[in-house]
Amino acid sequence: MSVDLSSLEEFTLEPDWEKEKPLARENAKADKRYHERKKISKPIRNKKKSVTKRAEILDVTFVPDDNILKIIKEKIKFTGISFTLKEICDSVCSEKNRIKIKLSLKDKKMRFLILKEHNKIFLDVETAIKYLIDNHFHSLFKVIKLRNEKTKNKPSYILKCPVTKTIFPPKSHHNFETLIKQHLVECENRNYDDFVSKLTKSDDTIEIESYMKKGHFINRYILKDDPSLFTDNIEGIELLTEKCTFVKNIKKEKIFVINLSDIGILGEKLIRDIDSILGNKSMMMKQIITSLLISFKKSKFHVHRERVRNQIVISANKKTQASDTNLSAVAAAIVSMLKKQENHHMSKRKLINHNNMSGFTKEKIIKDLRWLVKEGFILELSNGEVMLY
């Protein structure tokens, strides 16, 4: 049978580029217009991710410690010396144990969780349970070896803890995660990923064979407070700790006050919150100054603004207007000397040794000067100056 191919003489399998050019150009233009229309019609989206800030749940107030404030007040009364509010505030802020933090929760339904036995404060149950297991596991649970498991197939390598030298099977082992968590909780360390990353790999034949002979133990954890309660897994430890130990040792408070030096009794989350607030020192100083002012006014101290340095001064003595009629000769001379000075103030040493006071003994001048301070006629400042009110 013969096939006539004469009708295919003009046929070719290769493209005729010259004939295709106009069509290709037309198609290209059409495609370009299509993509431009698509680009325009495509909605513009803001790629910037929205960041949600954590809602503030704490009210934090900084106040001076009552004991240090009592000492300062007694010193001012005993010496008669007046101090500026800034000097007192600087003295309070010089040591952490002189500042108290008053913590309260904005949400009326929330409460601080205080572990009475361990004197620790938390915001949530999860963090409190983690603290108990991480730091007091051996005082809560008794560990017994439940069963020994041996590896039948020889592994190509083993893993070793660089600190305790404890040997673990390869990561592919079915009990690898259980054995690691078991080891961590007994060592009071919960950082799983960090621990696994630091394990050293060993393909030593002798160590592998030794591990196969010894195997590894799966442990049971018995609650010391109630030996009838036990668990064979890590999740059970957390459950038993929460239901038994945590409930017995917890106290709930809405407000509590601690010294700034005792900030370590707070849980991790609370410490982070307090640290962020401590960064705002101007707010802390403002609160302490306000608290100092209120306390001194309640204690009947005289609070006024000093003329020379334009600072608030705290004095134990009430202001009294000096009058020459009820003053001794020495006291009158002291008042007269101060009146002649600019802003009515001068150095105490300069006043005692001044030529105008040469007619009196230094002992008499100092004695009358103290009387004038005590009666509120003049102020003796902490920088060694005296001035009229």
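Computed from a prediction, not measured in an experiment: that's the story for all the values here. (Residues numbered from 1 in each chain as written. Predicted model: local features only at pLDDT ≥ 70, side-chain atom pairs only at ≥ 80, totals over all residues. Heavy atoms only, no water.)

Asker: Explain the overall build of the chain here, please?
Answerer: Looking only at helices and strands, one finds 13 helices and 18 strands in the chain. With 389 residues in all, the chain has 36% of them scored as buried. Working note: accessible area of the chain is about 25,800 Å², and carbon and sulfur atoms make up 52% of it. (Helix = DSSP H or I, 4+ residues; strand = E, 2+ residues; numbered from the N terminus. Buried < 20%, exposed > 50% of the residue type's maximum accessible area, 1.4 Å probe, protein only. Areas by Shrake-Rupley, 256 points an atom, 1.4 Å probe, with all protein chains shown as cover.)

Asker: Honestly, the sheet that holds strand β11 (residues 230-231) in this entry has me stumped. Any pointers?
Answerer: Through backbone hydrogen bonds, the strands of a sheet pair up, either in parallel or in antiparallel fashion. Pairing is antiparallel across the open sheet formed by three strands, whose spatial order is β6-β10-β11. Of all the strands in the sheet, just β6 (141-149) and β11 have a single pairing partner and so form its edges. Against the sheet, helix α4 (residues 125-140) engages β6 and β10 (216-223), with an angle of about 85° to β6. (Pairing = 2+ DSSP bridges. Contact = heavy atoms within 4.5 Å. Axes fitted to C-alpha atoms, helices over the stretch in contact; angles between N-to-C directions.)

Asker: Honestly, the nonpolar core in this entry has me stumped. Any pointers?
Answerer: One broad rule of soluble globular proteins: the nonpolar side chains tend to lie buried together. Counting residues in each nonpolar core, the largest one holds 34 residues, and the members touching the most others are Phe 112, Leu 266, Leu 292 and Phe 296. Among the elements of the structure, β1 (58-64), α2 (66-79), α3 (85-93), β3 (99-105), β4 (112-115), β13 (255-259), α9 (268-278) and α10 (281-298) are those that each provide at least two residues to this core. Once residues within four sequence positions are removed from consideration, Leu 266 is found in contact with Leu 103, Lys 120, Ile 121, Phe 256, Ile 258, Ile 271 and Ile 274. Judged by nonpolar contacts, the second largest core, of 21 residues, contains Met 337, Met 357, Val 373 and Phe 377. (Core = buried A, V, L, I, M, F, W, Y, C linked by side-chain atoms within 4.5 Å.)

Asker: Mind showing me how you'd approach the sheet that holds β13 here?
Answerer: Spatial ordering of the open sheet is given by β1-β3-β13, a layout of three strands whose pairing is antiparallel. The open sheet has two edge strands with one neighbour each: β1 and β13. Mean inter-strand twist for the sheet, computed between neighbouring axes without regard to direction, equals 20°. Judged from the five bridges that link them, β3 and β13 form a sheet pairing that is antiparallel.

Asker: Can you walk me through the packing of aromatic side chains in this structure?
Answerer: Centre distance and the angle of the planes are the two values used to describe a pair of aromatic rings. Overall, the coordinates contain seven aromatic pairs when judged by the stated rule. Taking the centre distance of 6.0 Å and the plane angle of 90° together, the rings of Phe 168 and Phe 195 count as edge-to-face. You can see Phe 168 sitting in strand β8 (residues 167-168) and its partner Phe 195 sitting in helix α6 (residues 192-197), a full 27 residues away along the chain. An identical accessibility class is assigned to Phe 168 and Phe 195; each is buried. (Phe/Tyr/Trp six-rings, centres within 6.5 Å; stacked < 30°, edge-to-face > 60°.)

Asker: So what exactly am I meant to see when it comes to the environment of Asn 356 here?
Answerer: Mapped onto the secondary structure, Asn 356 falls in the loop between α12 (348-352) and α13 (362-374). In this structure Asn 356 comes out as partly exposed when scored by relative accessible area, which is 46%. The spatial distance from the C-alpha of Asn 356 to the C-alpha of Ala 333 is 8.0 Å, given a sequence separation of 23 residues.

Asker: What is the right way to look at helix α8 (residues 234-249) in this model?
Answerer: Helical periodicity: at 3.6 residues per turn, an α-helix aligns residues three or four positions apart in one direction. Taking 1.5 Å per residue, 16 residues should reach 22 Å; α8 reaches 21 Å between its end C-alpha atoms and fits that length. Remark: the principal bend of α8, roughly 40°, maps to Glu 242. Those residues of α8 that fall on the buried side of the exposure criterion are Ile 234, Gly 236, Ile 237, Leu 240, Thr 241, Cys 244, Thr 245, Phe 246 and Asn 249. A side-chain oxygen of the first residue of α8 lies 3.3 Å from the backbone nitrogen of Glu 235; this N-cap is Asn 233. (Expected span 1.5 Å × (residues − 1). Bend = angle between axes of the 7 residues up to and from the residue. Polar contact = N/O pair within 3.5 Å; in protein donor to acceptor, adjacent residues only side chain to side chain.)

Asker: Honestly, the side chain of Asn 259 in this entry has me stumped. Any pointers?
Answerer: In this structure, Asn 259 sits in strand β13. Beyond its immediate stretch of four places on either side in the chain, Asn 259 contacts Asp 65, Asn 97, Ile 99 and Lys 100.

Asker: Sorry if this is basic, but what is going on with the pairing of β10 here?
Answerer: Most of β10 is tucked away, with six of its eight residues classed as buried. Summarising the sheet, β10 and β11 pair through two bridges and their orientation is antiparallel. Counted as the bridge partner of Tyr 221 is Thr 231 from β11. Between the end of β10 and the start of β11, which pair antiparallel, lie six residues.

Asker: What am I meant to see in the pattern of salt bridges here?
Answerer: One side chain can pair with another of opposite charge once the charged atoms of both are near each other. Under the definition given, this model contains 13 salt bridges. For Glu 207, the salt bridge goes to Lys 160, with nearest N and O atoms at 2.7 Å. Separated by 47 residues along the polypeptide, Glu 207 in helix α7 (residues 205-214) and Lys 160 in strand β7 (residues 158-160) bring together distant segments of the chain. We classify Glu 207 as partly exposed; its relative accessible area is 23%. Owing to a relative accessible area of 18%, Lys 160 belongs among the buried residues under this scheme. (Salt bridge = Lys/Arg side-chain N within 4 Å of Asp/Glu carboxyl O.)

Asker: Help me understand the pairing of strand β18 (residues 385-388) in this model?
Answerer: Two strands pair when backbone bridges link them, and strand β16 (residues 345-347) and β18 are joined in this way by three bridges, in the antiparallel orientation. From the neighbouring strand, Ser 347 faces β18, where its bridge partner is Glu 385. Bridge count for strand β17 (residues 378-381) against β18 is three bridges, and the pairing is antiparallel. Looking at the pairing, Leu 379 lines up with Met 387 of β18. The antiparallel hairpin formed by β17 and β18 contains three residues in its connecting segment, where Gly 384 sits at a positive phi of about 90°.

Asker: Got a minute to help me understand the side chain of His 304 in this structure?
Answerer: If you trace the backbone, His 304 turns up in strand β14 (residues 302-306). Taking the relative accessible area as the measure of exposure, His 304 reaches 17% and is therefore buried. With near-sequence residues (within four places) excluded, His 304 lies in contact with Gln 311, Ile 312, Val 313, Leu 379 and Tyr 389.

Asker: I tried to follow helix α11 (residues 329-340) on my own but got confused; where do I start?
Answerer: Its 12 residues place the ends of α11 17 Å apart at the C-alpha level, agreeing with the 16 Å of an ideal helix rising 1.5 Å per residue. Among all positions of α11, only Val 330, Ala 331, Ala 332, Ala 333, Ile 334, Val 335, Met 337 and Leu 338 are buried. Considering only its buried residues, α11 is in contact with β16, α12, α13, β17 and β18.

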